[in-house]
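Residues per chain, in single letters:
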Amino acid sequence: MAERHRYPKGPTTYVLRALVVAYLALLVAWPVALVVTNTFEHGDEALRTILEDPDMQAALRLTAVAAVVATAINTVFGVSVSLLLVRNQFPGKRALSALLDLPLSVSPIVVGLALVLVYGGRNGWFGPSLEESGFQVIFSTPGIIMATAFVSLPLVIREVVPVLQELGTEQEQAAQSLGASGWQTFWRITLPSIKWAVIYGVVLTLARSLGEFGAVKVVSGNILGETRTATLAVEEKYLNFDQEGAYAIAFLLASVSVLAILVVFVLRSREARR
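Residues numbered from 1 in each chain as written. Predicted model: local features only at pLDDT ≥ 70, side-chain atom pairs only at ≥ 80, totals over all residues. Heavy atoms only, no water.

**Details of the overall build of the protein chain**
Inclusion rule: Strands here mean DSSP runs of E at least two residues long; helices mean DSSP runs of H or I at least four residues long; both are numbered from the N terminus. We call a residue buried when its accessible area falls under 20% of the maximum for its residue type, exposed when it is over 50%, and partly exposed in between, using a 1.4 Å probe and counting protein chains only. Note on contacts: a residue pair is in contact if any heavy atoms of the two residues lie within 4.5 Å.
A count of helical and extended segments in the protein chain gives 15 helices and zero strands. The C-alpha extent of the protein chain, read off along each of the three principal axes, is 60 × 60 × 35 Å. Taken across its 274 residues, the protein chain has 32% of its residues classed as buried. Contacts in the protein chain between residues far apart in sequence, at least 24 positions, make up 69% of those at least 6 positions apart.

And the structure:
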């Protein structure tokens, strides 16, 4: 086993550690802890009230559907585009790679407005034609899914691309030289090699999708019991001075994201010990 290099620890090291810990505590740990403590200030009453409210059940259900569908779409799209970027050379490759980062650099409000301009039922480019065919995008579930998928689009790609670049193509070429088809090579060689990158990308996409607010607010219409998502319900309850309800919904959303990250961490730790 290779020996680990030990570096001398001077005062600068301890100062940097203290700054990092303080930064994370003030920016992450303390606010999250306050959400948890305020949620359970009166026991589980706030959570029970939220879970028993039909409108909140509809909001949580819509959020789950939008997040899961958007994550599934971005997983398939992300793996496909990652293979395209790493395994192929074509004109415009750099432009495509830069374009994929657009959802991370553009405000979600702008994303929502752009979707309205394209798919709006009145003045949108495709909206009127789609609504005449009986398919409404804006102010309905499809629009919420599209907005959610847009803002979380690059996360799987940015996890998978570096792993594919590091793997190279030797194993894939060897499998193909032995007669494996493209699909066989992907399922038996490529996918197992990028499994953890895909899983991390899925978890990040799911967490981002659950917490999306700006783009969803523009395209959803925020109709109670129909197009109001959990994040919109948090704002609504907080503005209406129902802070316990807002904290409870925020706690549920954060819990799902943290639980997903913990599950992946545990599974990967077990895999590493084998």
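Having seen the structure, we can now continue with the description.
**Re the packing of helix 3 (residues 54–87) against helix 14 (residues 230–239)**
Stated precisely, the cut-off is as follows: Angles here are taken between N-to-C directions and fall from 0 to 180 degrees, while the axes themselves are lines fitted to C-alpha atoms, restricted in helices to the stretch in contact. We call two directions roughly parallel when the angle between them is under 35 degrees, roughly antiparallel when it is over 145, roughly perpendicular when it lies between 65 and 115, and oblique otherwise. The classification used treats Ala, Val, Leu, Ile, Met, Phe, Trp, Tyr, Cys and Pro as nonpolar, Asp, Glu, Lys and Arg as charged, and all other residues, Gly among them, as polar.
Axis separation between helix 3 and helix 14 bottoms out at 8 Å; the angle between their running directions is 140°. Taken together, the axes of helix 3 and helix 14 are oblique relative to one another. On the side of helix 3, the interface is formed by Met56, Ala59, Leu60 and Thr63, while helix 14 contributes Ala230, Ala233 and Lys237. For the contact of helix 3 with helix 14, a count of residues per class yields five nonpolar, one polar and one charged.

**Brief notes about unusual backbone geometry**
Apart from glycine, the bulk of residues carry a negative phi angle, and the bulk of peptide bonds sit in the trans form. Of note in the backbone geometry, Phe139 takes a positive phi value of approximately 65° without being a glycine. Mapped onto the secondary structure, Phe139 falls in the loop between helix 7 (127–132) and helix 8 (141–151). A relative accessible area of 44% places Phe139 in the partly exposed class. Positive phi is not limited to glycine here, since Asn222 has a value of about 55°. Topologically, Asn222 is positioned in the loop between helix 13 (214–220) and helix 14.

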